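Residue-level structure breakdown
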Amino acid sequence: MNSAQQLLRSQRDLLLNWTHDHPAPLLRWLRDAEVLSSAHYLSLLERSPSNAIAQALETVCASEESSQKFLQVLREVQDYYCSDLQVWVERHCRNDAASKPVPTPVKVEEKKPKGPISKLFRGKTKGFTVTTEVKEELKPTRSVKLANIRVPISAHKTTLLKRTEQLKCYSEGEAVTSNSASHIEIRYTDLFVTEDDDLVDSNQHEYFDLASRRARIYVHQACQRIRPCHLLSPQGPSGRPPKRVKVKGIAGIGKSVAVQRLIYEWAIGKNMREFTCVFDLRFRELNLIEAPLSLLELLGKQFRYLKEALPDLFTSPCSLLFILDGLDEFKFPLDWNSPDKNIDVGSKVPVSELMVALIKGSLLPEASVILTTRPSTEAPKRFFQRCCVVLGFEEDQVKEYTTKFYKDSEVAEKVYHYILNNDNLFVLSFIPLYCYIICTAMAEFFSSENEGDDDSKSLELNPPRTVSEVYFCYLFTAVKHHALRGSAERSTPRSEVLSLARQQLTNLGKLAYESLLQKKIMFNRADLENYSITLADLQTTFLCHILQPLEEETVEMFSFFHLTVQEHLAALYCTINFFSQEDIIQALDFWCFGQRPSSSTVAPLQNIDLNMDKLESLQMFTRFFMGTLRARVGGQLDGLVLSPIEQGDTIPARLGLWFQDQFKDRVLENQAALNLLHCMMEFHMKETTSMAAPEIKKLNLFKMKLTVVDCAAMHYVLQFSPHKLQELNLGYSNIGNRGLYRLGPILHRCESLYLRYNCLDRQAAILESAVLKSNECQVKKLFMCGNNLGPEGVLELWNALEHNNTVEELYLDITGITERGTENIINCLSKNTSLKTLTIVGNDIGEVGKRRLRELEQRRPGLRIIANFVDDLGLLQAYLDWVEEIRVDRDQMDSVKNADALQSVLKGLQVAGEQVEKRENAEKAKELKTKIVKLLKSSTISSYVENCT
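The rules behind the values
Residues numbered from 1 in each chain as written. Predicted model: local features only at pLDDT ≥ 70, side-chain atom pairs only at ≥ 80, totals over all residues. Heavy atoms only, no water. Helix = DSSP H or I, 4+ residues; strand = E, 2+ residues; numbered from the N terminus. Buried < 20%, exposed > 50% of the residue type's maximum accessible area, 1.4 Å probe, protein only. Contact = heavy atoms within 4.5 Å. Salt bridge = Lys/Arg side-chain N within 4 Å of Asp/Glu carboxyl O. Arc of directions from axis to C-beta. Axes fitted to C-alpha atoms, helices over the stretch in contact; angles between N-to-C directions. Parallel < 35°, antiparallel > 145°, perpendicular 65-115°, else oblique. Left-handed = near helix turned anticlockwise from the far one by under 90°. Nonpolar A, V, L, I, M, F, W, Y, C, P; charged D, E, K, R; others polar. Pairing = 2+ DSSP bridges. Right-handed = clockwise from strand over helix to strand, strands pointing away. Core = buried A, V, L, I, M, F, W, Y, C linked by side-chain atoms within 4.5 Å. Polar contact = N/O pair within 3.5 Å; in protein donor to acceptor, adjacent residues only side chain to side chain. Phe/Tyr/Trp six-rings, centres within 6.5 Å; stacked < 30°, edge-to-face > 60°. Lys NZ or Arg CZ within 6 Å of the ring centre and 35° of its normal. pLDDT = per-residue confidence, 0-100.

Another aspect to go through is the overall build of the protein chain. On a plain count of helices and strands, the protein chain comes out with 42 helices and 17 strands. Out of the 949 residues belonging to the protein chain, those deemed buried represent 58%. Across the protein chain, contacts joining residues at least 24 apart in sequence account for 77% of those joining residues at least 6 apart.

Right, dumping it as C-alpha cells:
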C-alpha cells in the first residue's frame, strides 16, 4: 500500500475528529479538486457532518491519487480548523511528505481550551493536541503581519460560513414532500441583472415597476446573468474593477441571498480572494446604534474576534470589502448632499454619517463597497461606478429552482410544467421568493404520496390557478402543519383547521391591513402587542412562518415574510370582516378610487389613514381581496367567518353592476383600468364579468409595459363581451409573442388594433394572419410598426389580406421588410378590395421592391401607399411628435430598440434626399432629420449614429 493512503487510513479517526464539526470547506475543496463528484458532494451536504466527513474519507482512501490530492487540499483549508490540525498539516502535508516513510501517529492528550481564540474552536478539537516535540519542528511560513491576522480571519471565515451556508425556509412543513434541501450549494439559483437607469417611479407598487422594467428588455438587448462575484469584475475601457456597486431590486427578488452567496464563496476561499477581509453589515442591525461611534468601534463590536486585527487590516484598505445589505430598512435619514467631512476610521460620528461617508467614498475610498436596496430608497447613482437592478429568474432558472426545491424529481417536473402552463403563476415565478411560495403551496397537490389517496382533500381545491389561490394555499399549508401537529389527520376538514387559527389570523390580518395603509413594513414588540400578538405566539404557532424576526438576539424587530404576504393577510382580514354588500362596495370605492366611506361601521373602514396619492400601492391588495372574497362566497373560509354576508348569494351580481359602472361612467386611467380587469379575473365568476365586459368599448393601455398575466386578464374579461371592441391600444407595451398568443382569441373583434413596438416577430405575424383570415374578423385598422416581422412574416400578412375584406388601414413602418418581403404583394393586394392605406416606410425594400409598389398602385388606384417618410406631411408630423416624446422620456431614449428605429427613420430621410416636391414636406423632413441626429448624439445610444452629418 502506498504512503499517502497508509497515512490517511492510519489517522482517519484523528482527521475525522478535527474536521467533522465543520465539514463545508474540506468538502467543497475536495469537489473542486475533483476528488468528489458534484453529485456525491451535494449528497454529502444533506448528511450529518460526521457522516459526511466519514464518507468523504472513505472515498479519498480508495486510491493513492485521491489521497495525494486530499493532502494538498488539507493544506489549503487548514486555517478553517483547529491548531492541532494545522500542526499535523505542517508535519505531514509538505510537498515531499508523500515520499517519506509513514510517521508514527501523533500522540494526543486532553486539554482545556484557554484564551479567547481557543474558545472559538471549543468543541472542535475534541481534546486532541500535539506533543511538544512536534511543535518544535514547525517553522514560520508567513510574515508577522499575516501571522497577526491569520487566526482572527480564520475565525471570521468560519463564523461567516456557518451563518451563510443555509438558506432560510419559513414554511417547509414536516411532510416529506415539503422537506426541500436548504443548503446554499444545493438550493441557490443564479439571478439575472441589467444595468440600472435609476428612473423607477417609487409611487407605483414595486412589483409592477419590475414587471415594466422586464417588459422593456428586448430579446437582443444585453441582459447578463449575475454570479455575485462578478459584481466587482473589471468593466469599461479602463478594465478597472468598480469600487462602489449598488444592487437594486424589489423585496424577494434575491438581493440578500445573492450577497449571502458572495460571502459564502469568499469565506470558503473560492472567489473574491483579492480581499483579505469582508465585512457584512446589515442596516436593520445598525438601527440599534443611537450614539456616535467610529468605524473601528462599529466593526469591533460587530466582529469581536477581529478587534485586535483591525489596525493591521486598515493598513491595506484596498483589500477590504464592505457589504451593506438592506438600505431600505435603515431608520435614520441619510444626507447625500452634505459636504464631505474629514473623518477617518477613528472619528466618532452618528452611524448615518458613517454609512454615507463609506458609501460616497469620503471614508476609505480605496475599499470596495456593495450596497443593496429596494427601488423606493434613494442612493444617488453618482456615487457608484456600477449600478445593477436584479430582475430575478428567467424560464431556465425557474426550472432549475423547481428541480432543486423538491427531492422528488417527478414532483419537481409536474410542478414546473404546471407553472409553465399557467400564465398567472409563470409571471409570478420570475421573483425567487414567489417561486418559493408557489413551490411550497404546490407540494400539497403534486406529492407522489398523495396519488390514489385522499390525503390532500382538506384543501378542497384544485391546484391554484390565480395569485390569490396560491397565497391561500401557502397560508393554509403553514396553518395546517402547525394546527394538526400530532393531534389530527391530514384529511381533517379545512374549516376545522382554520377555526383553530381564527384569532391569530384576525390579529395578524389587522396588523397587516392597518400597516399597509400607512406603508409600514417593520414592527417592534410594542406594535405586535397592540394587536395581541405575543412573542410566545411567534415561537409556538404558525406565525413563525409569516412574521420574520431578526436573527440577532438583541434586536426585537419583525417584518412579514414578504410584502405580498402582508397584502394577502390584509385582504383576508377585510374579507372576513365584511357582513354586507354595501361594505364591500364602499371598500372598493375607497381602495380603487380614494372615495372615503360615508357611514360604514365595519372595522376595516373605520379610522382609516391613507395618502390618496398612493392608491397605486393598493393594487395588489385589491386583487387579493377579490380572490379571498371569491373564496368566502365559495365557502372556503368557513371556520374563519362567524356569520354570512347579508344576501351573500347576490354578491356576484352586485359586483357586476359595480364593475359595469366603472367602465360606463368613469374615464379610467390606464393602470386603474388594468387593475379592474385583474380584480375580475381574481374573482373569477362568470356572472360578474359577463355584466361588466360589454361596457368596455375601448381599452387604451398605451405604454403600459404589460406582462403575459396582464394579457391573460384582458382575455379573461373581454371573452365575455359579445360586442366588437372599438379600440385596443397596446402600443409600446412589449407584450411579445407569448402575450399576443394569450390575446389571440379576442383579436378578431378589435376594430382598431394597435400593436406598435411590442417585440413581435414572424410567429406573431402568422398569428395575426390567422386573425385576418377569420370569417369573424372585424379589424379595420392594424398598426404593426416597429416589430421585427421580417420578410417571411410580412409575406404571411399579404397572403391573409388576399382573403380579407375588412382591413382599411395597415401600418408596417420599420418592420424589417426586405425585397424578399414584396414578392407576392402585387398578386395578393391587387385582389383585396378593402385596403385603402398602406404605410411601409423605414424598410429596405430595394429598387425591385419600389418597382413592385408602383405596379401595385397602378393595379389598385384606390390604394394609397406611403413608402417614403417625405411623401406624407401627417406622417412626418407624427414622427416629429414621436421624437419629442423620446427626448423628454429617458426611459424610451435609452432603449436599444428605439435607437434602431431612429436609425431607420434617418436612413429613410437620407434616401429621399432632395427629392421632395412639396416645400412644406421638405421643411418638416429637414427638421425631423436634425432632431434625430441631435437626439442620437446626446443620448447613451450615440454609438448608433452613423453618417449622420
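On we go.
Counted under the stated rule, the structure contains 31 salt bridges. Residue aspartate 32 is joined to lysine 270 by a salt bridge in which the shortest nitrogen-to-oxygen separation is 3.1 Å. Residue aspartate 32 is found in helix α3 (residues 24-32), and its partner lysine 270 is found in the loop between α13 (255-267) and β4 (277-282); the two are separated by 238 residues along the sequence. Looking at aspartate 32, the relative accessible area reads 31%, which means it is partly exposed. Assessed through its relative accessible area of 22%, lysine 270 is described here as partly exposed. With a shortest N-O distance of 3.2 Å, arginine 465 and glutamate 469 are connected by a salt bridge. With relative accessibility at 34%, the residue arginine 465 sits in the partly exposed group. A relative accessible area of 16% means that glutamate 469 is categorised as buried. Through salt bridges with shared partners, one network takes in Arg28, Arg31, Asp32, Glu185, Arg261, Glu265 and Lys270.

Here we take up helix α18 (residues 395-405). Restricting attention to buried positions, one finds in α18 the residues Gln397, Val398, Tyr401, Thr402 and Phe405. Along the axis of α18, the buried residues cluster in a sector spanning 135 degrees; they form a single face.

At a minimum axis distance of 9 Å, the contact between α18 and helix α19 (residues 409-420) shows a crossing angle of 150 degrees. Compared by their axis directions, α18 and α19 come out roughly antiparallel. Regarding α18 and α19, the two cross each other, and that crossing is right-handed. Contacts between α18 and α19 involve Glu395, Val398, Lys399, Thr402 and Thr403 from the first element and Ala412, Val415, Tyr416, Ile419 and Leu420 from the second. Grouping the amino acids of the contact of α18 with α19 by side-chain chemistry returns six nonpolar, two polar and two charged.

Take the sheet that holds strand β17 (residues 864-866) next. Read across the sheet, seven strands follow the order β11-β12-β13-β14-β15-β16-β17 without closing on themselves; strand pairing throughout is parallel. Each having just a single partner strand, β11 (698-700) and β17 make up the two edges of the open sheet. Between one strand axis and the next, the sheet turns by 10 degrees as a mean value, whatever way the strands run. Here strand β14 (residues 781-783) pairs with strand β15 (residues 809-811) via three bridges, running parallel. Residue leucine 782 lies in a different strand from β15, and its bridge partner there is leucine 810.

Residues in a regular strand point their side chains to alternate faces of the sheet. Counted residue by residue, strand β12 (residues 725-729) has four buried out of five residues, so it is predominantly covered. Sheet topology places β11 next to β12; three bridges connect them, and they run parallel. In the strand pairing of β12, leucine 699 is matched with leucine 728. The handedness of the β11 to β12 crossover, carried by helix α33 (residues 708-718), is right-handed. In this structure, β12 lies alongside strand β13 (residues 750-754), joined through four bridges in parallel fashion. Opposite leucine 725, over in β13, you have cysteine 750 as the bridge partner. Read from β12 through helix α34 (residues 736-747) to β13, the crossover connection turns out right-handed.

Turning our attention to the packing of helix α30 (residues 651-665) against helix α31 (residues 670-683). α31 packs onto α30 with a crossing angle of 165 degrees between their chain directions and a minimal axis gap of 11 Å. Here α30 lies roughly antiparallel to α31, going by the angle between them. For the element pair α30 and α31, the recorded crossing hand is left-handed. Judged by residue contacts, Ile651, Pro652, Leu655, Trp658, Phe659, Gln662 and Phe663 of α30 engage Ala673, Leu676, Leu677, Cys679, Met680 and Phe683 from α31.

Our next topic: the nonpolar core. Residues Trp88, Trp591 and Trp798 are the most contacted members of the largest nonpolar core, which totals 232 residues. Per-element accounting of this core gives the leading share, twelve residues, to helix α21 (residues 432-446). In terms of nonpolar packing, the next biggest core, distinct from the first, is built from 46 residues, Ile149, Phe283, Leu313 and Phe383 among them.

Within strand β7 (residues 386-392), seven of the seven residues are buried, which leaves the element mostly enclosed by the surrounding structure. Burial along β7 is two-sided: Arg386, Cys388, Val390 and Gly392 facing one way and Cys387, Val389 and Leu391 facing the other are all buried. Sheet topology note: the strand β1 (residues 191-195)/β7 ladder contains four bridges and is antiparallel. Following the sheet pairing, valine 193 is matched in β7 by valine 390. Note: strand β3 (residues 244-248) against β7, four bridges, orientation parallel. Residue pairing for β7: valine 247 is matched across the bridge by cysteine 388.

In the Ramachandran plot, lysine 703 falls in the positive-phi region, its phi being about 65 degrees despite a non-glycine side chain. Position of lysine 703 among the secondary structure elements: in the loop between β11 and α33. One non-glycine residue, isoleucine 814, adopts positive backbone phi at about 50 degrees. Mapped onto the elements of the fold, isoleucine 814 is located in the loop between β15 and α37 (825-829).

Considering the arrangement of structural elements, one finds isoleucine 149 in helix α10 (residues 144-164). With 162 residues separating them in the primary sequence, isoleucine 149 and proline 311 have C-alpha atoms 10.0 Å apart. Dropping the residues within four chain positions of it, isoleucine 149 is found in contact with Thr276, Ala309, Asp312 and Leu313.

Turning to helix α4 (residues 38-45), its buried residues number three or more, namely Tyr41, Leu44 and Leu45. The buried residues of α4 all sit within an arc of 105 degrees when viewed along its axis, so they share a single face. Looking at the packing, one finds that the buried side of α4 touches α3, α5 (49-60), α11 (184-187) and α13.

Another point: the side chain of threonine 158. Mapping threonine 158 onto the fold places it in helix α10. Only 2.9 Å separates the side chain of threonine 158 from the backbone oxygen of serine 154, close enough to count as a polar contact.

This next bit is on the environment of histidine 22. Structurally, histidine 22 is set in the loop between α2 (12-19) and α3. When the C-alpha atoms of histidine 22 and isoleucine 53 are compared, they prove to be 9.2 Å apart, with 31 residues separating the residues in sequence. Among residues more than four places away in sequence, those in contact with histidine 22 are Tyr80, Tyr81, Thr158, Leu161 and Lys162.

Enumeration according to the criterion identifies 28 aromatic pairs in this entry. Geometrically, the ring pair formed by phenylalanine 279 and phenylalanine 303 is tilted, given 5.8 Å between the ring centres and 50 degrees between the ring planes. With phenylalanine 279 in strand β4 and phenylalanine 303 in the loop between α15 (295-302) and α16 (310-313), the pair connects residues that are 24 residues apart, well separated along the chain. Each member of the pair phenylalanine 279 and phenylalanine 303 is classed as buried. An aromatic cluster of three or more residues is present, and its members are Tyr513, Tyr573, Phe578, Trp591, Phe621 and Phe625. Directly above the ring of tryptophan 29 sits lysine 270, whose terminal nitrogen or CZ lies 3.7 Å from the centroid.

Attention now moves to the confidence of the model for the protein chain. Per-residue confidence for the protein chain averages 81 on the pLDDT scale, and 81% of its residues sit at or above 70. Across residues 96-144, where pLDDT falls below 50, the model places 70 contacts with residues more than four positions away in sequence or in other chains. Here residues 170-180 scores under 50 on pLDDT; set against residues more than four positions off or in separate chains, the count is 30 contacts.

Glancing now at the side chain of histidine 715. Structurally, the position occupied by histidine 715 is in helix α33. Here histidine 715 falls in the buried class, since its relative accessible area comes to 12%.

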